[in-house]
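Observations on the three-dimensional arrangement
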Amino acid sequence: MNIIARTALALACLLPATLLAAPDAVTDRPLALAGPRPSTATVQAWQARKFGLFIHFGLYSELGGVWDGKRITQGYSEQIQSFAPVPIDQYEALAKRFDPEKFDPDAIVALAKAAGMKFIVITAKHHDGFAMFHTAQDKYDIVDATPYKRDVVKELADACARAHMPFGVYYSTIDWHWMHGQYLPDNDNPITPAQADFNVAQIRELMSHYGPISEVWFDMGKPTPAQSARFARTVHELQPQTMVSGRVWNHQGDFSVMGDNSEPGEGMEKPWQSPASMFPETWGYRSWQVRDDLPGKVRENIARLVRVVSAGGNYILNIGPEGDGSVVPYEADVLRGIGAWLKPRGEAIYGTHASPFEKLDFGYATLGASTLYLFVEKPPADGVLHLPGVVETRFGRGHVLGDAQASVGSVMIDASGASVKVDGLAHAGYMPVVAIPLDGALHVRPDAVAPDANGRVNLAVAQAEHFLNYNGYGYDDPSTLYKLRWHAQAGAGDYALTVQYHDAQASAKLDVWVDGHPHTLVLPAGKGTASLRVSRDLRAFPYAMQVELTPVAPFHKGDRLPATVESVQLAPLANPSVPSQGG
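The following refers to the structure shown. (Residues numbered from 1 in each chain as written. Predicted model: local features only at pLDDT ≥ 70, side-chain atom pairs only at ≥ 80, totals over all residues. Heavy atoms only, no water.)

What follows deals with the sheet that holds strand S27 (residues 564–573). With antiparallel pairing, four strands are arranged side by side in an open sheet as S19-S27-S22-S25. The outermost strands of the open sheet, each flanked by one partner alone, are strand S19 (457–460) and strand S25 (526–535). In this sheet, neighbouring strand axes are inclined to one another by 15° on average, regardless of whether the strands run parallel or antiparallel. Note: strand S22 (residues 494–504) against S25, nine bridges, orientation antiparallel. Across the sheet, residue Gln500 finds its bridge partner in S25, namely Thr529. (Pairing = 2+ DSSP bridges. Helix = DSSP H or I, 4+ residues; strand = E, 2+ residues; numbered from the N terminus. Axes fitted to C-alpha atoms, helices over the stretch in contact; angles between N-to-C directions.)

So, in structure tokens, the structure goes:
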């Protein structure tokens, strides 16, 4: 998980107020694209939930990964129509026998609550085009085409409402049925204008007849920027506070989505979510899936939850009910196992911010309003947990959540940071959590690049935190770089800052942020160097100089650095002769 930890939220205690300004202020973070968007309060509430249930359930569940007596090993089982392949008329005929009479929405909501989950998202329509809700756009839905004749999405939405559980829907913008199987079996299919109209009509139905929708989890396809904006706008016009997933593409989402079963390896400043399946081979039900080592699977998902939350994200874990609507017992047991772990430790997960530490040798951390939480994945032999870089912080006496026998000593601070001795973790179960109260703010000195013998600080790109734009033009569009951040050991005074770069277009500009103050730097076309004079602001960043390169502010989701940066150098100036550009 690399250098995720120093995200903006986790460093809130170190940042000047100007960097935590309103979204329309000049900022070093990307702004949302134009259009109605959820409020700040909605975004914060969404981020606070941390852990949710994904449900892949549809016509494909009836097949369980088997077609014509053969196990289909290629692709996910919910995409069996494409990968088997199944002739479209024979796939459509499955609806005549699809009767999920064991689907129990109240029991599913109760299971999610027992797992410690705070929201639920179900597949309203997957790539096969079969709607699990009653749509007026065609008859290919669970009410009109099956003997079940009940609206699964509606029943689950109502169950969530009764239990005060935020409810969301997954919606695939590609549709193999609507296009009569003309789509290629990949993730980058264009959306025709006619199908975009069809999608919008169904999105309107979902946003109009199923109560409050917490999020719409768009997926697949390669829509145009205008189509992505239209899909997001359709959601927000009907329900302004619904969060739209980044897989609406073209940076129109309200939160970024990682790849399937993936976690980011770099800094994340925008709201984000990591989607995970119980088994990486499939999301929809697979009858022949090997399901063993239940304790190991529980531990695997606890660890993934902790990694994601400690990096500042939300974790959504999937189950794939069987064709009769029943939850696979193994998957239910995994959820209950996670819930049993969470019950005494939930305060370390829900509503917390990302770890303020780049790396901890024993595990992970989250930061609450007035408590530091330490997740001990690898208990040290001497029982001492080291917290590098901690300075000028007052701690209270800690304790191990859910374990009255373990003991936590006083936190000691020296030149290398803080340390605390914990005894009795061997009996505290998997991934014990140490909670340490804070008396005031937590201050962490970031790892900083030291000057050379001549007093210059050479900042290599490999040493920087990289911040990326996710969810661009389609599923296979690579992420792009919008920010580099370094910390440098630099005292008070003025410095010549030189950026070495290549691949700059004509009239390229970028912003150089030094201790939170932006300076616009012009880059001559091609490759070369560009310099400006900057000043250290010890009041804003007392522990190390912070240097960032971004597009010229204000910039938006999808904007990228206008050149390939090779390095940055800081040289102290006794008699400044380097001009200051911009701010």
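Still more to cover.
Once that is clear, we can look at unusual backbone geometry. In most cases, non-glycine residues show a negative phi, while peptide bonds are predominantly trans. In this model, Ala84 is joined to Pro85 through a cis peptide bond whose omega is -15°. Tracing the sequence through the fold places Pro85 in the loop between helix H2 (80–83) and helix H3 (88–93). Look at the link from Ala553 to Pro554: it is a cis peptide, with omega at -5°. With respect to the helices and strands, the residue Pro554 is situated in the loop between strand S26 (545–550) and S27. Unusually for a residue other than glycine, Met220 sits at a positive phi of about 65°. Position of Met220 among the secondary structure elements: in the loop between strand S6 (215–219) and helix H7 (225–238). Its relative accessible area of 2% is what places Met220 among the buried residues. (Buried < 20%, exposed > 50% of the residue type's maximum accessible area, 1.4 Å probe, protein only.)

Let us now look at the packing of aromatic side chains. Here the structure, examined in full by the defined rule, presents 20 aromatic pairs. Judged by centre distance (5.9 Å) and plane angle (15°), the rings of Tyr170 and Trp217 are stacked. Of this pair, Tyr170 sits in strand S5 (residues 167–172) while Trp217 sits in strand S6, and the two are 47 residues apart along the sequence. Just as Tyr170 is buried, Trp217 falls in that class too. Pairwise contacts between aromatic rings join Phe54, Tyr76, Tyr170, Trp217 and Trp283 into one cluster. In this structure, Lys118 packs its charged tip against the face of Tyr350, placed 4.6 Å from the ring centre. Between Lys483 and the ring centre of Phe467, over which it is positioned, the NZ or CZ distance is 5.1 Å. (Phe/Tyr/Trp six-rings, centres within 6.5 Å; stacked < 30°, edge-to-face > 60°. Lys NZ or Arg CZ within 6 Å of the ring centre and 35° of its normal.)

Once that is clear, we can look at helix H8 (residues 294–310). In a regular helix each residue adds 1.5 Å, so 17 residues correspond to 24 Å; H8 covers 24 Å between its end C-alpha atoms and thus fits that length. Burial of H8 is extensive: 13 of the 17 residues sit out of reach of the surface. With a side-chain oxygen positioned 3.0 Å from the backbone nitrogen of Gly296, the residue opening H8 is Asp293. (Expected span 1.5 Å × (residues − 1). Polar contact = N/O pair within 3.5 Å; in protein donor to acceptor, adjacent residues only side chain to side chain.)

Taken together, the five strands give an open sheet; going across it, the order is S20-S21-S26-S23-S24, and neighbouring strands pair in antiparallel fashion. Two strands in the sheet have a free side with no partner beyond their single neighbour: strand S20 (465–469) and strand S24 (517–523). Ignoring which end each strand starts from, the neighbouring axes of this sheet average 20° apart. One ladder, built from four bridges, connects strand S23 (residues 508–514) with S26; its direction is antiparallel. Following the sheet pairing, Trp513 is matched in S26 by Glu548.

Where burial is concerned, most of strand S9 (residues 272–276) is hidden: five out of the five residues are buried. Here S9 shows a buried face lined by Trp272, Ser274 and Ala276 and a second buried face lined by Gln273 and Pro275. Between the parallel elements S9 and strand S10 (residues 314–319), the chain passes through H8 in a crossover that is right-handed. (Right-handed = clockwise from strand over helix to strand, strands pointing away.)

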